[in-house]
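Close look at the chain arrangement
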Amino acid sequence: MSRLFLFALFFLGVQAVSAQFLRDQIINLENKDKDLLSWGYYLGFNQYDFKFNYEEGQAEDILVNKSIGFNVGLVGEVRLNDYFDIRFEPGLYYTQRDLFFPGFTEQRDILREVKSTYIHFPLLLKISTKRVNNFKPFIVGGVSTSVNLSSNEDNPDDNRSGNFRMKESTYYYELGFGIDFYLYYFKFTPSIRGVFALNNELVPDADANSPWTGNITKMATRGIFINFTFE
């Protein structure tokens, strides 16, 4: 996750510095931000993680192997004034996390592949600076919920049968930043956002003393989204 975050910072920094030196450029889409409603779409990448809380006496942590997933979705924005906008960004997010449980010797007991397909619904407040030529930095924050289509929540078989189960619905808060670039025909916006689950997503095994879930008190998603928006 740290590599993904540093790459995003580098990308946004380079773009901002480049724009700073182009003081005499032609102003594109001069009236773009005066529309009450605007629409667009985004493509991007994600990296999800889990944060585990344990009962006392847990000898080793569960290891999480993270991978890069992808995002695609729509953007709807309502203008409040020159600096504040409300954004709704429903999208489809695909990711995979591999969990390695301590205390086992057999591979079928150690590894659980957690493949998730989320329908994600964020409602965000975008706070922008004053536009400078053809770029405008902003910060964004808000709340969201998602539906995990691969949760296994209602599956009667648990880890004894090799099935790791999660709750279907998750609630988050989100924080991030980005830069609007006003190109000749459209507005292009790279952004990075952190997402933090509020509820416990774990569906425990039927056995209260399960070696997989018996010592976990809470499991919550942490993630980073890098999106490229076109409006």
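This write-up is about the structure you can find in this document. These numbers come from a predicted model, not from an experiment.

Turning our eyes to something else, we now look at the pairing of strand S1 (residues 37-54). Both faces of the sheet carry side chains from a regular strand, because those side chains alternate between them. Judged from the ten bridges that link them, S1 and strand S3 (residues 69-79) form a sheet pairing that is antiparallel. When the sheet's bridge partners are listed, Tyr-41 is paired in S3 with Leu-74. Bridge count for S1 against strand S10 (residues 216-230) is 14 bridges, and the pairing is antiparallel. Bridge assignment links Leu-43 to a residue of S10, and that residue is Phe-228.

In the structure shown here, the tally under the stated rule is 13 salt bridges. The partner of Glu-77 in a salt bridge is Lys-126, with the nearest N and O atoms 3.8 Å apart. Here Lys-126 lies in strand S6 (residues 111-128) and Glu-77 lies in strand S3, a separation of 49 residues in the sequence. With relative accessibility at 7%, the residue Glu-77 sits in the buried group. On the accessibility criterion, Lys-126 (2% relative accessible area) is buried. Taking the shortest distance from any N to any O, the salt bridge between Arg-79 and Asp-82 comes out at 2.4 Å. Through salt bridges with shared partners, a single network forms among Asp-33, Glu-77, Arg-87, Glu-89, Lys-126, Lys-136, Glu-174, Asp-180, Lys-187, Arg-193 and Glu-231.

In this section: unusual backbone geometry. Unusually for a residue other than glycine, Asn-133 sits at a positive phi of about 50°. Structurally, Asn-133 can be placed in the loop between S6 and strand S7 (135-148). The backbone of Asn-152 sits at a positive phi, close to 65°, despite the residue not being glycine. Looking at the element boundaries, Asn-152 is found in the loop between S7 and strand S8 (169-182). According to the relative accessible area criterion, Asn-152 is partly exposed, its value standing at 32%.

Further remarks concern the nonpolar core. Residues Phe-50, Phe-52, Leu-99, Phe-101, Phe-164, Met-166 and Met-219 are the most contacted members of the largest nonpolar core, which totals 25 residues. Looking at this core, the elements that each hand over two or more residues are S1, strand S5 (91-100), S6, strand S9 (187-197) and S10. When near neighbours in sequence (up to four residues on either side) are disregarded, Phe-164 contacts Leu-99, Phe-101, Arg-112, Val-114, Ser-151, Asn-152, Asn-159, Leu-202 and Met-219.

The next thing to look at is the packing of aromatic side chains. For any pair of aromatic rings, the description consists of the separation of the ring centres together with the inter-plane angle of the planes. The tally for this structure, following the rule as stated, stands at 15 aromatic pairs. Seen from their ring centres, Phe-52 and Tyr-54 are 6.1 Å apart, and the 20° between their planes marks the pair as stacked. With a centroid separation of 5.0 Å and 25° between ring planes, the pair formed by Tyr-173 and Phe-196 is classed as stacked. Of the two residues, Tyr-173 sits in strand S8 while Phe-196 sits in strand S9, which places them 23 residues apart along the sequence. Clustering of aromatic rings is evident, with ring pairs tying together Tyr-41, Phe-186, Phe-188, Phe-228 and Phe-230. Arg-97 extends its terminal NZ or CZ atom over the ring of Phe-50, reaching a point 3.9 Å from the ring centre. Its guanidinium or amino end placed over the ring of Tyr-182, Arg-131 lies 3.7 Å from that ring's centre, counting from NZ or CZ.

Turning our attention to the pairing of S9. Of all the eleven residues making up S9, ten are buried; the element is thus mostly covered by neighbouring parts of the structure. With antiparallel pairing between neighbouring strands as the criterion, S8 and S9 make up a hairpin whose turn holds four residues. Where S9 meets S10, nine bridges bridge the pair, whose relative direction is antiparallel. If you follow Gly-194 over to S10, its bridge partner there is Ile-224.

A few words now on the side chain of Thr-189. Its location among the elements puts Thr-189 in strand S9. The class of Thr-189 is buried, set by a relative accessible area of 2%. Not counting residues within four places of it along the chain, the set of residues in contact with Thr-189 comprises Phe-138, Ile-179, Asp-180, Asn-227, Phe-228 and Thr-229.

Rules of the game
The residue numbers shown here count from 1 along each chain, following its written sequence. Given that the model is predicted, a residue must reach a pLDDT of at least 70 before its local features are reported, and side-chain atom pairs must reach 80 or more before they are shown or counted; all residues, however, enter totals for whole chains, interfaces and linings. Calculated side-chain values reflect all of the structure's heavy atoms, with hydrogen atoms and water omitted. Only strands joined by at least two bridges in the DSSP assignment are considered to pair. Numbering goes from the N terminus for both helices and strands, where a helix is a DSSP run of H or I of at least four residues and a strand is a run of E of at least two. The working definition used for a salt bridge is a side-chain nitrogen of Lys or Arg within 4 Å of a carboxyl oxygen of Asp or Glu. Burial here depends on accessible area, computed with a 1.4 Å probe over protein chains only, as a share of the maximum for the residue type. Under 20% is buried, over 50% is exposed, and the range in between is partly exposed. The nonpolar core is taken to be a set of buried Ala, Val, Leu, Ile, Met, Phe, Trp, Tyr and Cys residues, with the residues joined through side-chain atoms within 4.5 Å. Any two residues whose heavy atoms approach within 4.5 Å are treated as being in contact. In this analysis, rings of Phe, Tyr and Trp, with Trp reduced to its six-membered ring, are considered paired at centre separations within 6.5 Å, and the interplanar angle assigns stacked below 30 degrees, edge-to-face beyond 60, and tilted for intermediate values. The criterion is that NZ of a Lys, or CZ of an Arg, lies within 6 Å of the ring centre and within 35 degrees of the ring normal, and then a charge sits over that ring.

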